[in-house]
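This is what each chain is made of:
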Amino acid sequence: MRNPYDVLGVAKTASPKEIKAAFRKLAKQHHPDQNPNDPKAKDRFAALNQAYEILGDEKRRGEFDRGEIDAEGKPRFAGFESAGAGGDPFAGFRRSGQGPGGARFEFRSTGGPGAGAGFGGAGDIFSDLFGSTFSRGEADFGPRGAQSPDMKVNLDISIEEAATGIRKTTLFPDGRKVGVQLPAYVEDGQEIRIKGEGALLPTGGRGDAVVKIRLRRHPRYTLDGRDLRVDLPVSLKDAVLGAKLPVETLGGRVAVTVPPWSSSDRVLRIKGRGLPTKTGDKADLYVHVRVMLPEGGDRELEALMKKRDA
């Protein structure tokens, strides 16, 4: 395993900022997705991860500089040079004991990439570079393999789109446009998992994407569970005498009967014009009457009101 300073191309005196900048540049350059025809890209990418796991952590960098761990992050205590695969059976566990000559030693798990939680590591940088949710505790970036991190994606949809179950093209954080099929029943905050459309993995391929649905505020409708509510402006004349008035619904315009002497906030129900329910039916649309006085006034109406008060 090469010296991590050589892998990242930095001097031993490099600052944490310089180390991070070097890693960002090289990780983007050698990512397998950027080099699909280069079979060695995965190995270079894994080596960069391993080097940064050591130099990106102040504590582990100090251990390497003092010769306490090697370029793979394995301890270099006497008798433990072969720790790991085929070596010390306690590799990967934290142990303390007495070494040759009575010297005390502490053998801790280097676990490679999983060690050093709590610092801004490779996961944070991959999130910046590739828009994924690589983060400590979610993924393993070492050469021994990788788990599949989920890419978190927010998808804002309209009430009309929630009602129709369309396939919506969505811009993912890494710049890809991916089609997301909305189910027949979808609600605010619901998550949809899409296999193989998530973040790039160091070993190649992709993890999963988890799309969180967010219903946008609608200029006309108010959501009430699966029912919808809408205001209907009604003139004073129509409120007094009654009328058939058009109402815009998710399925198109329909006529609704406003009974005579309808006051403001009288509620009229239109069945089956709400959002789909879990049973496959549709909820209802509730129309709220809003009595509106004429803009600019009405002299005849004003005279009538004065006459009634006389």
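This section reports on the structure supplied with the text. For clarity, every value in this text was computed on a predicted model and none was experimentally measured.

Examining helix α4 (residues 58–65)
Here's step 1: All buried positions along α4 are accounted for by Arg 60, Arg 61, Gly 62, Glu 63 and Phe 64.
Here's step 2: Against the buried residues of α4 lie α1 (4–8), α2 (16–30) and α3 (41–55).
Here's step 3: With a side-chain oxygen positioned 2.9 Å from the backbone nitrogen of Lys 59, the residue opening α4 is Asp 57.
Here's step 4: Of the residues trailing α4, Gly 67 is marked for its positive phi of about 80 degrees.

Considering the pairing of strand β4 (residues 167–171)
Here's step 1: Burial of the side chains of β4 is restricted to one face: Lys 168 and Thr 170 are buried, whereas none of Arg 167, Thr 169 and Leu 171 on the reverse face is.
Here's step 2: Hairpin connection between β4 and strand β5 (residues 177–181): a loop of five residues separates the two successive antiparallel strands, and Gly 175 in this loop has a positive phi of roughly 95 degrees.

What about the environment of Leu 171?
Here's step 1: Here Leu 171 lies in strand β4.
Here's step 2: With a relative accessible area of 58%, Leu 171 lands in the exposed category.
Here's step 3: Separated by 18 residues in the primary sequence, Leu 171 and Val 153 have C-alpha atoms spaced 8.9 Å apart.

Focus on the environment of Asn 154
Here's step 1: Take Asn 154: it is sitting in strand β3 (residues 151–157).
Here's step 2: Given a relative accessible area of 44%, Asn 154 falls into the partly exposed group.
Here's step 3: Measuring from C-alpha to C-alpha, the distance between Asn 154 and Glu 191 comes to 9.1 Å, with 37 residues separating the pair along the chain.
Here's step 4: Non-local contacts of Asn 154, meaning those with residues more than four positions away in its chain, are made with Lys 212 and Arg 214.

Cut-offs applied
- Residues numbered from 1 in each chain as written.
- Predicted model: local features only at pLDDT ≥ 70, side-chain atom pairs only at ≥ 80, totals over all residues.
- Heavy atoms only, no water.
- Buried < 20%, exposed > 50% of the residue type's maximum accessible area, 1.4 Å probe, protein only.
- Helix = DSSP H or I, 4+ residues; strand = E, 2+ residues; numbered from the N terminus.
- Contact = heavy atoms within 4.5 Å.
- Polar contact = N/O pair within 3.5 Å; in protein donor to acceptor, adjacent residues only side chain to side chain.
- Pairing = 2+ DSSP bridges.

These values are about where atoms sit, not about what they do.
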